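This is what each chain is made of:
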Amino acid sequence: MERRESLRSHLVLLVTALAAARCLIAVAPMVHFDGDPAFDASPAQAIGPLGSLSVDMAMLVAAAAVLWLSSTAMTRAASLAALLAIPTAAVLAWHGSSDFESLWRGTTWIAGAFASVAVVAGLTAGGDGPGVNRLIGSALAVMLGVGAALLLRGGWQYVVEHAETVAYFEEHGEAFLASRGWSPDSPQAAAYERRLLGREASGWFGLANVYGGVVATISVALAGLLLQRGVQPSRAARFAAIGTAVIGSMLVLLNGGKGAIGALALGAAAIAGARWWPGRWDRNASWWRACIVAVPLVMLGAVTARFALGPEALGGERSLLMRGYYLDGAMRALAESPLGVGAGGFQPALLRLAAETCPEDAASVHHGWGDWVVAAGTIGVCWVALACLLAWWSTAPSRSPTVGEQPEDEAGGDAAERAFVWAIVAGAISLVATASAIDPVSLLVQVGSVAALAFAARAMAPWLERSATAGSGWRGAATITLSVVASLDMLHWHTGSSMWCWVTMGVMAGVGLSPREKGTSHRSTFFAVWASRLASIAALAAAVAALRWLPAVFQQERTLASTATMIARAAADGTRGEGTEPLSSVRIRTSAYLGESGTLVPTRHRIREIAIEQALLGVAKTEIRALADDAMLRAHQMASDARPDRHRTVAEARLFAETSALMVARAGADPHGPVAAWEEVVQLSPRDARAWARLGDAHARVEEMDAAVDAWSEALRRDDQQWLDPVRQFSPRERAKVQHKIDEATIPAALRAAPAPLP
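Predicted, not measured: the structure shown is a model, and the values here were computed from it.

About the thresholds
Residues numbered from 1 in each chain as written. Predicted model: local features only at pLDDT ≥ 70, side-chain atom pairs only at ≥ 80, totals over all residues. Heavy atoms only, no water. Helix = DSSP H or I, 4+ residues; strand = E, 2+ residues; numbered from the N terminus. Buried < 20%, exposed > 50% of the residue type's maximum accessible area, 1.4 Å probe, protein only. Contact = heavy atoms within 4.5 Å. Areas by Shrake-Rupley, 256 points an atom, 1.4 Å probe, with all protein chains shown as cover. Salt bridge = Lys/Arg side-chain N within 4 Å of Asp/Glu carboxyl O. Core = buried A, V, L, I, M, F, W, Y, C linked by side-chain atoms within 4.5 Å. Expected span 1.5 Å × (residues − 1).

(A) Inspection of the overall build of the chain at higher detail. For the chain, the count of helices and strands is 28 helices and zero strands. Counting the 759 residues in the chain, one finds 58% classified as buried. Considering only contacts in the chain between residues 6 or more positions apart, those separated by 24 or more positions represent 79%. Summed over all atoms, the accessible surface of the chain reaches about 30400 Å², with 62% contributed by carbon and sulfur.

What follows is the structure, given as structure tokens:
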């Protein structure tokens, strides 16, 4: 029995370490070709689909083992949580079987949900009080210690990296924009520059609001622990906790994210209530817990009300308004697809279904509940219920005896050592995942962040072992903060923060439910045993489903890495005048190479799009007609073959339309082909004014002038509807060009219809 409990404890800590590692890694769908390798040869600071699936598999296996080992001592609460995790995970896995974007992102969501249940099971499986408290202290130290690492990264980014990035863009801006096909006066360039110049700390998350939400939650939790009546921390623990809480709050304020700042303020108010009215939190626990569970509903109501008031209300406030558009699109998508659109399907659905005046094409609903429901359909409410239960349990009144005010002794050495070891494991995973993609200075910052995590975890573990169970106010305040931010931003959509949120909710729920006194272990009921084992089997099944794709994904990522290197080398040789093969020819050759390997994963994947994009770039620059014609035919065939069993995505449809137009211009193909292709694009993305303009051009080539005028007029109308975000609209030159085409097509017809002049 003792060996079983020891193994379960280490597996729980492995789960927390993997969650901390994911929080430290910026996961992107592609490591290479995040930009054009000819312009920027360095890969993205990410682990890509291969690394993402690998870490998720490890998390799922660890969670499955914890659930199985806990089955004989499973509480009814934990068994209910285990059952709620399964249906939504099953639907997301089903979507992932036919869509690669939904596969890798959905697997992370599934791993996070099962991990939260496993942590609850591991902390509530019984045993003696000191053993449970040591496990709680170590697990909390790893999860909250992440804040120290993120603050070092975010501070460095805010103070140093942002200025260097802006200076680099100012020097190479034209080449950078040209590499993406953007003219300096295009709305894409304006939007990029607006985003670039906003000075924010994201800690390499890539999303400042997500970073702010995680840091705000950690800051509130540590502030609540510091201010509650109970154990006094050691000097090192006090330094780590105060430093993280204060600097974290400062960075949240400097980022300026309204959601994170509001959540920080509400969390601070909850801390004040728990600290200056001692006992009131516990006495009124049900009221507090009901309020916390209701927070996401309140946020939904606020977003809905703002959307109903219209764009010009409240002085043109846009933050809630944009979320109203996302929520409106989510409801339309849910009505169309009751079983959801998959973890990666919201953006394509929003492109097609959003209200006409929606100016953004968001990838997330910006509400955790909304993301789960739109991804898994009505089955997603199971995860909504699971999140509510975790929030309810996390604010359970303290059941431990009051701890005196004496300073902390050194009795928590075991918790400190375990927290230190698993913090190092988390940091090592993040270093291995991203070390090859960053420069030496950034790598040094990475190493420093790992050291900060290890120091904070080791210093705080003994204090958390004794103080985490001494009061419930800090848990309530942290849960309020997390609930507010997760109801306004993409915490449950972004893979790194999603994993951290799930496991943190699980740890706090486990603290609220875990036994405190020796002799509280018990035997599970028959129902609880099999609920736990069923969840364990489901987690293993999800791991096996991810394993199925690993060989193909590994091969594709190797292919992408080699082709990116070829393009970068050819660009560098051409700049020095040393190249023996033009860059355009290298692009065409790598396009063929990518196209041949693109069938390894016959689902939606960027590799096919990259192959077509490289072919188009090569065709535009090469002077060898035969080479260009061959590349053009191959690219058109790849675009034609994309998703033959389903509708194409917008990106795939656009590439098909562009290659169809090239086939007409250079190979004399059927001129009606581009018409049908651009009609497909506007059906998938009806708010795209530029696609409507291209449809008008396609009609004009086949002399369907009435249809062309209609399409050009629709382009101007759609452009007018984007007034909420002027940088997305046509530039004055683009608009004048479209209007000139309409005039050219309509004025001659009017003149022909006029009566002949009198002699």
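(B) Examining the pattern of salt bridges more closely. Under the defined criterion, the tally for this structure stands at 20 salt bridges. The salt bridge involving Asp489 is made with Arg323; its shortest N-O contact spans 2.7 Å. In this pair, Asp489 sits in the loop between helix H18 (473-486) and helix H19 (495-513) while Arg323 sits in helix H12 (residues 319-336), placing the two residues 166 residues apart along the sequence. One salt-bridge network, held together by shared partners, links Glu356, Glu714, Arg717 and Arg718.

(C) Expanded view of the environment of Arg466. Tracing the backbone through its elements, the reader meets Arg466 in helix H17 (residues 440-467). In the structure, Arg466 is positioned 234 residues away from Gln232 in sequence and 9.5 Å away in space, judged by C-alpha atoms.

(D) Geometry of the nonpolar core. Of all hydrophobic cores here, the largest spans 142 residues; its most connected members are Phe114, Trp383 and Met460. Met460 has contacts with Ala141, Leu144, Gly145, Leu222, Ala237, Ala240 and Ala241, leaving out every residue within four places of it along the chain. The next biggest cluster of nonpolar side chains, apart from the first, holds 46 residues, and it includes Ile607, Val650, Ala693 and Ala711.

(E) The arrangement of unusual backbone geometry in detail. Backbone geometry at His366 places phi at a positive 65 degrees, although glycine is not the residue there. Structurally, His366 can be placed in the loop between helix H13 (346-353) and helix H14 (368-376). The phi dihedral of Glu703 falls on the positive side, at around 60 degrees, and the residue is not glycine.

(F) View of helix H9 (residues 258-276). In this model, H9 (19 residues) spans 27 Å end to end at C-alpha, consistent with the 27 Å of a helix rising 1.5 Å per residue. All buried positions along H9 are accounted for by Gly259, Ala260, Ala263, Leu264, Gly267, Ala270, Ile271 and Gly273.

Worth remembering: the numbers are spatial, not functional.
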